[in-house]
Amino acid sequence: VVYSVTHPFYMNEGEIRIHDPDGYVVLVGQFPGRKPHKRKLQEFGLMQVTMTVSSVATILPFYRDVLGLTFVAQAGDNIAFLTDGSVRLMLTTPQ
């Protein structure tokens, strides 16, 4: 299995990005300043999964309405965030 791990300068200490073989990004660490959902502060776990999609507007209803994820925010037409209460899903178009 081929993957890469990165820690961009702008990320908080203790957070890392893991890029899977298909290019999807998994952000692992803790939410700074937030009470973790069903986790102790010293525990680490899955925080965010980023999926590149052809159209955020087309795919957003599937994750929100069909899978029941909670809509968090949207930045223009190219990025949207949803959550299941503990893990964020970021939908983005190719940049």
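What counts as what
- Residues numbered from 1 in each chain as written.
- Predicted model: local features only at pLDDT ≥ 70, side-chain atom pairs only at ≥ 80, totals over all residues.
- Heavy atoms only, no water.
- Pairing = 2+ DSSP bridges.
- Helix = DSSP H or I, 4+ residues; strand = E, 2+ residues; numbered from the N terminus.
- Patch = residues over 30% accessible without salt bridge, like charges linked within 9 Å, V, L, I, M, F, W, Y side chains within 5 Å.
- Areas by Shrake-Rupley, 256 points an atom, 1.4 Å probe, with all protein chains shown as cover.
- Salt bridge = Lys/Arg side-chain N within 4 Å of Asp/Glu carboxyl O.
- Buried < 20%, exposed > 50% of the residue type's maximum accessible area, 1.4 Å probe, protein only.
- Polar contact = N/O pair within 3.5 Å; in protein donor to acceptor, adjacent residues only side chain to side chain.
- Arc of directions from axis to C-beta.

1. Describing the pairing of strand β6 (residues 79-83)
Alright, step 1. Relative to β6, strand β5 (residues 70-75) runs antiparallel, the two sharing five bridges. Paired with Phe71 across the strands is Leu82, a residue of β6.
Alright, step 2. A loop of three residues connects β5 with β6, the two strands running antiparallel in sequence, and Gly76 in this loop sits at a positive phi of about 70°.

2. Observations regarding a nonpolar patch on the surface
Alright, step 1. Taken together, the side chains of Phe62, Val66 and Leu67 define a hydrophobic patch exposed on the protein surface, amounting to about 290 Å² of accessible area.
Alright, step 2. For Phe62, a relative accessible area of 37% puts it in the partly exposed group.

3. Observations regarding the pattern of salt bridges
Alright, step 1. On inspection of all chains with the given rule, the structure shows one salt bridge.
Alright, step 2. Across the pair Arg64 and Asp65 runs a salt bridge whose closest N-O atoms are separated by 2.8 Å.

4. Re the environment of Asp84
Alright, step 1. Residue placement: Asp84 occurs in the loop between β6 and β7 (88-92).
Alright, step 2. Each C-alpha atom of the pair Asp84 and Thr70 lies 6.3 Å from the other, and the pair is 14 residues apart in sequence.
Alright, step 3. A polar contact of 2.9 Å, which involves the side chain of Asp84, links it to the backbone nitrogen of Ser86.

5. Remarks on the side chain of Thr83
Alright, step 1. For Thr83, the position within the fold is in strand β6.
Alright, step 2. Its relative accessible area of 18% is what places Thr83 among the buried residues.
Alright, step 3. From its side chain, Thr83 meets the backbone nitrogen of Gly85 in a polar contact 2.9 Å long.
Alright, step 4. Separated by 3.0 Å, the side chain of Thr83 and the backbone oxygen of Val87 make a polar contact.

6. Some details on helix α1 (residues 56-66)
Alright, step 1. Listing the buried residues of α1 in full gives Val56, Leu60 and Tyr63. When α1 is viewed along its axis, its buried side chains cluster within an angular range of 75° and face the same direction. With respect to the buried face of α1, the exposed residues turned more than 90 degrees away are Thr58, Asp65 and Val66.
Alright, step 2. Just downstream of α1, Gly68 is the residue with a positive phi angle, here 80°.

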